[in-house]
Amino acid sequence: MADDYVWFEGLPFPVIGYNAEVIKEVCTKFVIKDEDTVMVAYPKSGTNWLIEILCLVHSKGDTKWIQSVPIWERSPCLETDVGYKWLNEREGPRLLMSHLPIHLFPKSLFTSKAKVLYIMRNPKDVLVSGYYFWSMTTLSKKTESLEQYFKWFIQGNVPYGSWFEHIRGWMSMRHRENFLLLSYEELKKDPRSTIEKICQFLGKKLNPEELDSVLTNSSFHVMKQNKMSNYKMLPETLIRNHFSLTRKGKCSVFPYERHVSVAVVLPAGTWGKLIQCWRGGWFWRW
Ligand code: PPS
């Protein structure tokens, strides 16, 4: 069991690219600057889609950056060994991403004016996406079946722990001015309006042609073809089977406009809650 993950503070992390000492340093020492833009998500919630959008917004629709630099270098993952190193070396405003739950996030975030974008996705699709992702890579403990992975997911015995706790924790930030809550489902349903909302939040003004380019070049089909974004450049040692990050890119349930699963507001840890989401869809409104 202990070899299946890297453990830090009772939370499981992937075994490759992570180190408990580095994660500890990230949590206790990393300084978020006011000018940083931080993207946070539970794994498999649309993190890379959001990164692609932000990179395109940043370059006003110009595709040079997204076609020449791997996505993990454009927006490094804070808690990985290499991401932490790159971010510490980077000067000026930084784009960074993290899957950390709020209680482990560097405390400097909470006093900074950095813009934070949190993207969530319905737990059923997160679960299925995670099942394929972790099965196809060597980053984490291999699952034998979807049923087994389902059990682990409910128990929080998957990389980054409980989806329920992650969402519940970060939800506490939702009334802050520098926090934008997004969902995979709203991005899928109305990408143009959602991208406009992101631009407004970031204070970026794009003309209609620039916005069109962001929309087109962050679409599922274009991202699937972009080797800098589809993870096809991952070293073979990390890949178990034929692998692409851009697997299906679909929503199995469409939400209300502003929503969170009822699972989030109930105590986590039982089967019933996920089954409720599964059967009833993604149905909580605030
Ligand atoms: S990771 O590895 O945790 O950072 O994965 P993450 O990027 O959060 O999520 C991967 C899922 O996002 C889908 N994806 C997209 N959907 C729609 N449009 C675009 N452009 C897009 N890019 C990535 C990707 O296909 C994964 O979902 P599944 O359901 O597995 O297809």
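We now turn to the structure provided with this report. This structure is a prediction, so every number in the text was calculated from the model and none was measured. (Residues numbered from 1 in each chain as written. Predicted model: local features only at pLDDT ≥ 70, side-chain atom pairs only at ≥ 80, totals over all residues. Heavy atoms only, no water.)

What to know about the overall build of the protein chain
Okay, so step 1: When you go through the protein chain residue by residue, the secondary structure sums to 14 helices and 6 strands.
Okay, so step 2: Once local pairs closer than 6 in sequence are excluded, the contacts in the protein chain between residues at least 24 apart make up 71%.
Okay, so step 3: Of the roughly 13,200 Å² of accessible surface on the protein chain, a fraction of 53% belongs to carbon and sulfur atoms. (Helix = DSSP H or I, 4+ residues; strand = E, 2+ residues; numbered from the N terminus. Contact = heavy atoms within 4.5 Å. Areas by Shrake-Rupley, 256 points an atom, 1.4 Å probe, with all protein chains shown as cover.)

Considerations on the site of the ligand
Okay, so step 1: Every one of the 22 residues lining the ligand counts as a neighbour, but Thr-47, Ser-129, Tyr-184, Lys-248 and Gly-249 are closest to it.
Okay, so step 2: Take Ser-45: an N or O atom from its main chain is 3.1 Å from an oxygen atom of the ligand.
Okay, so step 3: Asn-48 has a polar side-chain atom sitting 2.8 Å from an oxygen atom of the ligand.
Okay, so step 4: Here the ligand has 640 Å² of accessible area as a free molecule, and 97% of this is covered by the chains.
Okay, so step 5: Taking a 2 Å distance to the grid points as the criterion, the majority of the atoms of the ligand fall inside the largest pocket.
Okay, so step 6: Those elements giving two or more residues to the shell around the ligand turn out to be α2 (47-58), α6 (123-136), α9 (184-189) and α12 (220-225).
Okay, so step 7: With 3 residues, α2 is the largest single contributor of residues to the shell around the ligand. (Near = heavy atom within 4 Å. Polar contact = N/O pair within 3.5 Å; in protein donor to acceptor, adjacent residues only side chain to side chain. 1 Å grid on protein atoms, 1.4 Å probe; cavity = no way out; pocket = protein on both sides within 12 Å on 5 of 7 lines; lining within 4 Å. Sits in = over half its atoms within 2 Å of the grid points.)

Focus: the nonpolar core
Okay, so step 1: Ranked by internal contacts, the top residues of the largest apolar core, which has 85 residues, are Phe-13, Val-38, Phe-105, Leu-117, Tyr-118, Trp-170 and Ile-198.
Okay, so step 2: The element contributing the most residues to this core is α2, with 8 residues.
Okay, so step 3: Not counting the four nearest positions on each side in its chain, Phe-105 is found in contact with Cys-27, Ile-32, Val-38, Val-40, Leu-78, Ser-98, Leu-100, Phe-110 and Trp-170. (Core = buried A, V, L, I, M, F, W, Y, C linked by side-chain atoms within 4.5 Å. Buried < 20%, exposed > 50% of the residue type's maximum accessible area, 1.4 Å probe, protein only.)

Quick word on the side chain of Thr-143
Okay, so step 1: Position of Thr-143 among the secondary structure elements: in the loop between α6 and α7 (146-155).
Okay, so step 2: The buried category is assigned to Thr-143, whose relative accessible area is 5%.
Okay, so step 3: One polar contact links Thr-143 to Ser-135, side chain to side chain, over a distance of 3.3 Å.
Okay, so step 4: In this view, Thr-143 contacts Tyr-131, Ser-135, Gln-148, Tyr-149 and Trp-152; residues no more than four positions away in its chain are not counted.

Description of the sheet that holds strand β4 (residues 95-98)
Okay, so step 1: The strand order across the open sheet formed by 4 strands is β4-β3-β5-β6, and the pairing between neighbours is parallel. The sheet terminates laterally at β4 and β6 (179-183), the two strands that pair on one side only. Ignoring strand direction, the axes of neighbouring strands in this sheet form an average angle of 20°.
Okay, so step 2: Pairing of strand β3 (residues 37-41) with β4, which is carried by 4 bridges, proceeds in the parallel orientation. By the bridge assignment for β4, Val-38 is matched with Leu-96.
Okay, so step 3: Along the sheet, helix α8 (residues 163-171) contacts β3, β5 (115-120) and β6; its crossing angle with β5, the most-contacted strand, is approximately 145°. (Pairing = 2+ DSSP bridges. Axes fitted to C-alpha atoms, helices over the stretch in contact; angles between N-to-C directions.)

Section: empty space enclosed by the protein
Okay, so step 1: For the structure shown, the criterion picks out 2 cavities of 30 Å³ or more.
Okay, so step 2: Considering only enclosed or pocket space, the largest cavity measures out at about 50 Å³ in volume.
Okay, so step 3: Along its surface, the largest cavity is lined by Tyr-42, Pro-43, Lys-44, Val-126, Gly-130, Trp-134, Tyr-149, Phe-153, Val-158 and Pro-159.
Okay, so step 4: For the lining of the largest cavity, the secondary structure elements donating two or more residues are α6 and α7.
Okay, so step 5: At 3 residues, the largest contribution of residues to the lining of the largest cavity is made by α6.
Okay, so step 6: Broken down by class, the residue content of the lining of the largest cavity amounts to 8 nonpolar, 1 polar and 1 charged. (Points joined across faces, edges and corners; volume = space filled by probe spheres on them. Nonpolar A, V, L, I, M, F, W, Y, C, P; charged D, E, K, R; others polar.)

Some words on the packing of aromatic side chains
Okay, so step 1: Per the stated rule, a full pass over the model turns up 16 aromatic pairs.
Okay, so step 2: The ring of Phe-201 carries Lys-115 above its face, with NZ or CZ at 5.7 Å from the centroid.
Okay, so step 3: Over the ring of Trp-152 we find Lys-141, and its NZ or CZ is 4.1 Å from the ring centre. (Phe/Tyr/Trp six-rings, centres within 6.5 Å; stacked < 30°, edge-to-face > 60°. Lys NZ or Arg CZ within 6 Å of the ring centre and 35° of its normal.)

A short note on the layout of surface pockets
Okay, so step 1: Estimated volume of the largest pocket: approximately 980 Å³.
Okay, so step 2: What lines the largest pocket is a set of 49 residues, and nearest its centre among them are Lys-44, Asn-48, Phe-133, Tyr-231 and Leu-245.
Okay, so step 3: Residue assignment for the lining of the largest pocket shows that the elements contributing at least two residues are α2, α4 (71-74), α5 (81-89), α6, α9 and α12.
Okay, so step 4: Among the residues making up the lining of the largest pocket, the classes are represented as 28 nonpolar, 15 polar and 6 charged.
Okay, so step 5: Volume-wise, the second largest pocket comes out at about 280 Å³.
Okay, so step 6: As for the second largest pocket, its lining consists of 15 residues, of which Thr-37, His-58, Pro-93, Leu-95 and Lys-204 are closest to the centre.
Okay, so step 7: Looking at the lining of the second largest pocket element by element, the count peaks at 3 residues for α2.

Focus: the environment of Lys-248
Okay, so step 1: Following the sequence through the fold, Lys-248 ends up in the loop between α12 and α13 (262-265).
Okay, so step 2: By relative accessible area, which is 54% here, Lys-248 ends up exposed.
Okay, so step 3: Each C-alpha atom, one on Lys-248 and one on His-221, is 9.9 Å from the other, the two residues being 27 residues apart in sequence.

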